[in-house]
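Close look at the chain arrangement
Here is how the chains run, residue by residue.
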Amino acid sequence: MTNHSGAGRCVAVLGPTNTGKTHFAIERLLGHASGMIGFPLRLLARENYDRIVRLKGPSQVALITGEEKIIPPHPRWLVCTVESMPLDRRVAFLAVDEIQLCADPERGHIFTDRLLHARGEAETLFLGAETIKPLLRRLVPGVEFISRPRFSQLTHVGPRKLARLPPRSVVVAFSAAEVYATAEFVRRSRGGAAVVLGALSPRTRNAQVGMYQAGEVDYIVATDAIGMGLNMDVDHVAFAALRKFDGRAPRSLEPAEIAQIAGRAGRHMNDGSFGTTADAGTIPPEVAEQIESHRFDPLKSLYWRNSSLRFTSIADLAASLERPSEHAGLLRARESDDQLALAALGADPEIARLATHPERVRLLWEVCQIPDFRKVMDESHTRLLGRIFRHLTSPAARLPDDWLAESIRRIDRTDGELDAIVARIANIRTWTYVAHRGDWVADPGHWQEITRAVEDRLSDALHQRLTNRFVDKRTALLVRRLRDGGDMAATITGDGDVLVEGQYVGRLEGFRFLPDRSENSGAARTMLAAATRALQAEIAERLTEALADPPEAFALSSQGLMWRGQRMAGLSAGSDALHPQVEPPDGDLLEHAARERLRRHLTGGLHASIAKTLMLLIRAQAAPLTGAARGLVHQLAEATGSMPRAAAEAQVAALSSTEARTLARLDIRLGLHSVYIPALLKPVAQDLRALLWSIRTGRAAPEAPGIRPALMVPEEAPEDFYAAIGFAVLGRVAVRADLLERFAAEARALARTSPFRPSNSMVSSLGLKTAQAEAVLEGLGYARGEDGFRPARKPKPRARPRTDISDSPFAVLKQPR
């Protein structure tokens, strides 16, 4: 262990998240004439570099990371990633953040090396969690401790459904697939989420977090990469899983790991909460209590790797890396990526031949330390390292410009899905790292500029892809405005399109709001809620106007009751066929009292409209009839103006001559086949009767015949529909009631002279072909023979009241015009 007897004061500032440790360290850094601070993430290094530049100016501070170096001629302060700290530089002050990462299986040995060997001449600070305190006391003689309490409380609230998480929440998952699936759900239900993954570039991550901080979205879905830095205004952290894959095997999260992530909730003096969601189960009570009280089992060991390396040969280098520590509590680190790369390249005979003296072995080790930002360390990365080493050991001792250009050109594409762009960002970060080795490339500044531009383009494309996929800006805006509780501006176009806060949300038809159908049910509910609030003034104005309009302002159609070209209400079966019920739209646009007022007004208008079209039927209902005549009119009203004679035979037979004449004066015709009111066979009345049939039966009405006296009935058409509009169906031919009486009268006349065929006048009266007229004759009971039609049986004489229908084909009938 290095002797630091000549070094200055060494202090460990320990405590949970949100204790101001970093702020304290920056103040101490700037209080010295020179200093260096190491952060665990490039993102944090850049964030704090920018912060110091704002305070002291760009000429006073340097940024040093593996992928980015901004070094003015004479910087006083250096902001670095822990891996990139230039330990050969003498500074008055030195600090290392998140020192508990000495226990991280992958990077711990680097932090442990800084713990043991990195010192400021006047002051050294180690920032981190209390769990490392016993080991610090043992490994760093004379270290002082400062404990900092958390500024705010952190409270466990148990599990919550994903759709019910409060705004300003972070949902934590542990794989890209889980993050994407969760973010998709949040988009559907709450308008969207920012996405934070460890694989994102700092530019993309900042852009995603920026959306959240700006209030464009209220949720973040992230991996555990959220657990360090990234100061955000988070109120709640929800774990979608409590197990993670640590690079070797799935395992449960340690309480301290949960605390590090949960600590993102509650910033400065604002309290925060944490819990679980989705299928994560419940955090055990004893673990929750540990997190709330910030008391965890101390670390028992740290990861260490020998830093006194031997470069005499590849084998000696590998052996020195494997040397165990002599100190208790320091475990030899597992084989990291650089060691695996060294083993793979050392087994290559050509590489082994090139690395035969210390300078070449040292160069090979430096090449092996080029990061694989994809975190897969497969053969392709090892092959790349091998090519780099071969180029650097060639006579030129530089990477060829044309090879660099072609390698970068293949990456400089923004097409493809999320995973493809993430992989390209990882690849370009590797080339950015290489470009910062001034001894490896001919023009470092040129290549740094190119790789940075490519990374920026890819980062912007990735941010756009993430936003397009996981953020519905319209729904997110409406959710925020609904939560704020203020008034919402609504605009209604001439076509009925509704815009709330400038966002299209659907259409307003009468008093019914139809959310945009392009969205899912969750977004539709949000749009409905926004429209309900924003349209209050418009609905009140429409209600006043509708209640003031006369009955003729409302029209009946197959869509319902119409007003000013828009559907005002639906219709359902009422107490009888002529009095359907009015159904104003349900929902929150109309309060119950207003809906009932509108129902009463529309009902009056509807019944007035029906009475106007079916005036003769309504007049017959109001006539002072008794006995059989009254019963017959009642049946006729239920049939909306016409019915088969067979259905009313008992009533017709019971009519007296006086009652028959009274019915004739009411324009009711008593035919041999139908009882009907001629005026109600006209197209206008037909359409209304078809609509009333549809309301009564709940079925869609086929097309009404209109002016056609007869038509072929489609196979799927219901026969009772044609009877309801004044037609009789005979042999798949529907014939209007009055025309059927004329047709049947002529057939009876022709039948007196034995076999007959339908005359031209009979065929033309139907407007159909001869074969169809013959089908009607068969439907009337005539038998077809080789020589024509004849009655199937001799008709029995039947007493009936006198009407204006006779057996004469020349009888004058009142026909619909």
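Residues numbered from 1 in each chain as written. Predicted model: local features only at pLDDT ≥ 70, side-chain atom pairs only at ≥ 80, totals over all residues. Heavy atoms only, no water.

So, about the overall build of the chain. Helix and strand counts for the chain stand at 29 helices and 34 strands. Computed over the C-alpha atoms, the radius of gyration of the chain is 44 Å, more than 25% above the 28 Å expected from 2.2 N^0.38 for a compact globule of 817 residues. Expressed along its principal axes, the backbone C-alpha trace of the chain runs to roughly 135 × 60 × 45 Å. Taken across its 817 residues, the chain has 51% of its residues classed as buried. Here the contacts in the chain between residues at least 6 apart in sequence split such that 66% fall between residues at least 24 apart. In the form shown here, the chain has an accessible surface area of approximately 37000 Å², with 51% of it arising from carbon and sulfur atoms. Put simply, the chain has 107 plus and 97 minus side-chain charges, and the middle of one group is 5 Å from the middle of the other. (Helix = DSSP H or I, 4+ residues; strand = E, 2+ residues; numbered from the N terminus. Rg over C-alpha atoms; globule rule 2.2 N^0.38 Å. Buried < 20%, exposed > 50% of the residue type's maximum accessible area, 1.4 Å probe, protein only. Contact = heavy atoms within 4.5 Å. Areas by Shrake-Rupley, 256 points an atom, 1.4 Å probe, with all protein chains shown as cover. Lys, Arg positive; Asp, Glu negative; His and termini not counted. Charge placed at Lys NZ, Arg CZ, Asp CG, Glu CD.)

Summarising the sheet, strand E21 (residues 503-509) and strand E22 (residues 512-515) pair through four bridges and their orientation is antiparallel. Residue Gly506 lies in a different strand from E22, and its bridge partner there is Pro515. The hairpin formed by E21 and E22 contains two residues between the paired strands, and Gly510 there has a positive phi angle of roughly 65°. (Pairing = 2+ DSSP bridges.)

Judged by pairing direction, the sheet is antiparallel, and its three strands sit side by side in the order E27-E29-E28 without closing on themselves. Each edge of the open sheet carries a strand with a single partner, namely strand E27 (642-644) and strand E28 (669-670).

We now examine the sheet that holds strand E19 (residues 490-492). Strand order in the open sheet formed by four strands is E19-E20-E21-E22, with antiparallel pairing between adjacent strands. Each of the sheet's edge strands pairs with one partner strand only, and the pair in question is E19 and E22. Between one strand axis and the next, the sheet turns by 30° as a mean value, whatever way the strands run. Packed on one face of the sheet, helix H17 (residues 473-484) meets strand E20 (497-500) and E21 and runs near 80° to E21. (Axes fitted to C-alpha atoms, helices over the stretch in contact; angles between N-to-C directions.)

Right, let's get into the pattern of salt bridges. Where side chains of opposite charge bring their charged atoms close, a pairing between them can arise. Taken as a whole, this structure holds 47 salt bridges when the rule is applied. Across the pair Asp415 and Arg413 runs a salt bridge, and its minimum N-O distance is 2.7 Å. Take Asp415: its relative accessible area is 35%, and that puts it in the partly exposed class. Under the relative-accessibility criterion, Arg413 is labelled partly exposed at 40%. Between Glu545 and Arg564 there is a salt bridge, with its nearest N and O atoms 2.6 Å apart. In this pair, Glu545 sits in helix H19 (residues 536-548) while Arg564 sits in the loop between strand E24 (560-563) and strand E25 (566-572), placing the two residues 19 residues apart along the sequence. Judged by relative accessible area, Arg564 falls into the exposed class, the value being 54%. Through salt bridges that share partners, Arg42, Glu67, Arg429, Arg452 and Glu455 make up one connected network. (Salt bridge = Lys/Arg side-chain N within 4 Å of Asp/Glu carboxyl O.)

This part is about helix H8 (residues 285-293). Residues Val287, Ala288, Gln290 and Ile291 constitute the buried set of H8. Buried residues along H8 cover an arc of 155° about the axis, so they all sit on one side. The exposed residues of H8 that point more than 90 degrees off its buried face are Pro285 and Glu286. On its buried side, H8 packs onto strand E9 (154-159), helix H7 (255-262) and strand E16 (272-276). Following H8 by one or two positions, His294 adopts a phi angle in the positive range, close to 60°. (Arc of directions from axis to C-beta.)

Once that is clear, we can look at the confidence of the model for the chain. The predicted model of the chain averages 89 in pLDDT, with 95% of residues at 70 or higher. No element of the chain has a lower mean pLDDT than helix H18 (residues 521-534), at 74, and none a higher one than strand E6 (residues 93-96), at 98. With pLDDT under 50 throughout, residues 797-817 is counted as low confidence; its partners more than four residues away or in other chains account for 42 contacts. (pLDDT = per-residue confidence, 0-100.)

We now examine the environment of Ala637. In this fold, Ala637 is placed in helix H22 (residues 627-638). With relative accessibility at 5%, the residue Ala637 sits in the buried group. When the C-alpha atoms of Ala637 and Leu578 are compared, they prove to be 7.4 Å apart, with 59 residues separating the residues in sequence. Setting aside its immediate chain neighbours within four residues, Ala637 contacts Ala577, Leu578, Leu617 and Gln621.

For Gly31, the location among the structural elements is in the loop between helix H1 (21-30) and strand E2 (35-39). Take Gly31: its relative accessible area is 60%, and that puts it in the exposed class. Taking the C-alpha atoms as reference points, Gly31 and Gly767, separated by 736 residues in sequence, lie 105 Å from one another.

Relative to each other, helix H6 (residues 202-213) and helix H16 (residues 444-470) sit at 35°, their axes nearing to 8 Å. Crossing angle aside, the handedness with which H6 passes H16 is right-handed. Listed contacts from H16 to Pro202, Arg203, Thr204, Ala207, Gln208 and Met211 of H6 are Glu455, Asp456, Ser459, Asp460, Leu462, His463, Leu466 and Thr467. Per-class residue counts for the contact of H6 with H16 are five nonpolar, five polar and four charged. (Left-handed = near helix turned anticlockwise from the far one by under 90°. Nonpolar A, V, L, I, M, F, W, Y, C, P; charged D, E, K, R; others polar.)

All chains considered together, the criterion is met by six aromatic pairs. Ring centres 5.6 Å apart and planes at 20° place the aromatic pair Tyr180 and Phe470 in the stacked group. Taken as a pair, Tyr180 in helix H5 (residues 176-190) and Phe470 in helix H16 lie far apart in primary sequence, 290 residues in all. On the basis of relative accessibility, which here comes to 8%, the residue Tyr180 falls in the buried class. Taking 5.1 Å as the distance between ring centres and 70° as the angle between the ring planes, the aromatic pair formed by Trp693 and Phe721 counts as edge-to-face. Taken together, the residues span a long stretch of sequence, with Trp693 in helix H25 (residues 683-697) and Phe721 in helix H26 (residues 719-724) at a distance of 28 residues. Residues Trp693 and Phe721 agree in their burial class; the two are buried. Through successive ring pairs, a cluster of aromatic residues spans Trp693, Phe721 and Tyr722. Positioned over the ring face of Tyr212 is Arg168, at 3.7 Å from the centre of the ring. Over the ring of Trp440 we find Arg437; its NZ or CZ atom is 4.2 Å from the centre of that ring. (Phe/Tyr/Trp six-rings, centres within 6.5 Å; stacked < 30°, edge-to-face > 60°. Lys NZ or Arg CZ within 6 Å of the ring centre and 35° of its normal.)

For the rest of this paragraph, the subject is helix H3 (residues 108-117). With nine of ten residues buried, H3 is to be regarded as a mostly interior element. Turning to H3, its buried residues number three or more, namely Gly108, His109, Ile110, Phe111, Thr112, Asp113, Arg114, Leu115 and Leu116. Packing partners of the buried residues in H3 comprise E6, strand E7 (123-128), helix H4 (133-139), strand E17 (302-304) and strand E18 (330-332).

It is worth spelling out the environment of Arg645 at this point. Looking at the secondary structure, you find Arg645 in the loop between E27 and helix H23 (649-653). Among the residues examined, Arg645 registers a relative accessible area of 4% and is labelled buried. Taking C-alpha positions, Arg645 is 19 Å from Trp693, a pair spaced 48 residues apart along the chain.

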